[in-house]
Amino acid sequence: MDDPTKPTHLETGDELDAFLEGHDVALVEFYTSGCTMCQAMEPVLGNVARATGVPVALINPGDDIGLVERFEIRSVPTLILFSDGEEIDRRAEGFVGADDVVAMLEADVPEAVDAA
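Reading the values: the criteria
- Residues numbered from 1 in each chain as written.
- Predicted model: local features only at pLDDT ≥ 70, side-chain atom pairs only at ≥ 80, totals over all residues.
- Heavy atoms only, no water.
- Phe/Tyr/Trp six-rings, centres within 6.5 Å; stacked < 30°, edge-to-face > 60°.
- Helix = DSSP H or I, 4+ residues; strand = E, 2+ residues; numbered from the N terminus.
- Buried < 20%, exposed > 50% of the residue type's maximum accessible area, 1.4 Å probe, protein only.
- Disulfide = S-S within 2.5 Å.
- Contact = heavy atoms within 4.5 Å.
- Patch = residues over 30% accessible without salt bridge, like charges linked within 9 Å, V, L, I, M, F, W, Y side chains within 5 Å.
- Areas by Shrake-Rupley, 256 points an atom, 1.4 Å probe, with all protein chains shown as cover.
- Salt bridge = Lys/Arg side-chain N within 4 Å of Asp/Glu carboxyl O.
- Lys, Arg positive; Asp, Glu negative; His and termini not counted.
- Charge placed at Lys NZ, Arg CZ, Asp CG, Glu CD.
- Pairing = 2+ DSSP bridges.
- Axes fitted to C-alpha atoms, helices over the stretch in contact; angles between N-to-C directions.

**Here we look at the packing of aromatic side chains**
The description of an aromatic ring pair rests on the distance of the ring centres and on the angle between the ring planes.
Thinking step 1. Scanning the model with the defined rule gives two aromatic pairs in all.
Thinking step 2. Measuring from centroid to centroid gives 5.3 Å for Phe 30 and Phe 71, while their planes differ by 40°, and the two rings are tilted. With Phe 30 in strand 2 (residues 25-30) and Phe 71 in the loop between helix 3 (66-70) and strand 4 (78-83), this pair connects stretches of sequence that are 41 residues apart. Of the two residues examined, Phe 30 and Phe 71, each falls in the buried class.
Thinking step 3. Judged by centre distance (5.7 Å) and plane angle (90°), the ring pair of Phe 71 and Phe 82 falls under edge-to-face. In this pair, Phe 71 is assigned in the loop between helix 3 and strand 4 and Phe 82 in strand 4, connecting sequence segments eleven residues apart.
Thinking step 4. Accessibility expressed as a relative area gives 9% for Phe 71, which makes it buried.
Thinking step 5. Residue Phe 82 is classed as buried on the basis of its relative accessible area, which comes to 2%.

Following this line, the structure appears as structure tokens:
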């Protein structure tokens, strides 16, 4: 069972589809192995998941290369916010701090963010 307080690691596009189907709102980080900024994002995203209750997933599009084109991944880390399976926001400018990620969630999906 998914632990909503920490990011879920996904391996394939099918797993990503199932994750998105199972959550009305979800935040996904697309990363690559060896990317230090990507590695630094994981604990930040864990804090975001705990602070907001928004489910977070991590996926390496290199493991399922079709994801690169499907989601137009041009740099990593890329954060994509989904609502009802559709992309509604994206951050692809490198490391993003927890406060900035939470602010994005509060702006885009305020109804999904648990009041702390």
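**What about unusual backbone geometry?**
Thinking step 1. In this structure, Pro 77 follows Val 76 across a cis peptide bond, with omega equal to -5°.
Thinking step 2. With respect to the helices, strands and loops of the structure, Pro 77 is situated in the loop between helix 3 and strand 4.
Thinking step 3. A positive phi is found at Glu 72, a non-glycine position, where the angle reads about 50°.
Thinking step 4. By the element assignment, Glu 72 lies in the loop between helix 3 and strand 4.
Thinking step 5. Note on Glu 72: relative accessible area 51%, which makes it exposed.

**Describing the state of the cysteines**
Thinking step 1. Enumeration over the complete set of coordinates arrives at one disulfide.
Thinking step 2. The residue that forms a disulfide with Cys 35 is Cys 38, at a sulfur-sulfur distance of 2.4 Å. The disulfide joining Cys 35 to Cys 38 has a torsion of about 75° about its S-S bond and is therefore right-handed. Residues Cys 35 and Cys 38 agree in their burial class; the two are buried.

**A short note on the side chain of Glu 29**
Thinking step 1. Along the polypeptide, Glu 29 turns up in strand 2.
Thinking step 2. Excluding anything up to four places from it in sequence, Glu 29 contacts Cys 38, Met 41, Leu 45, Ala 57, Leu 58, Ile 59, Pro 77, Thr 78 and Leu 79.

**A look at a negative patch on the surface**
Thinking step 1. Together, Glu 11, Asp 14, Glu 15 and Asp 63 line one region of the surface with negative charge.
Thinking step 2. Exposure remark for Asp 14: the relative accessible area of 63% places this residue in the exposed category.

**Focus: the sheet that holds strand 2**
Thinking step 1. Here five strands make up an open sheet; going across it, the order is 1-3-2-4-5 and the pairing mixed. On the outer flanks of this sheet lie strand 1 (8-10) and strand 5 (86-91), each paired with one strand and no other. Shown here is a sheet whose adjacent strand axes are inclined to one another by a mean of 25°, direction ignored.
Thinking step 2. Note: strand 2 against strand 4, six bridges, orientation antiparallel. When the bridges of strand 4 are listed, Leu 27 appears paired with Leu 81.

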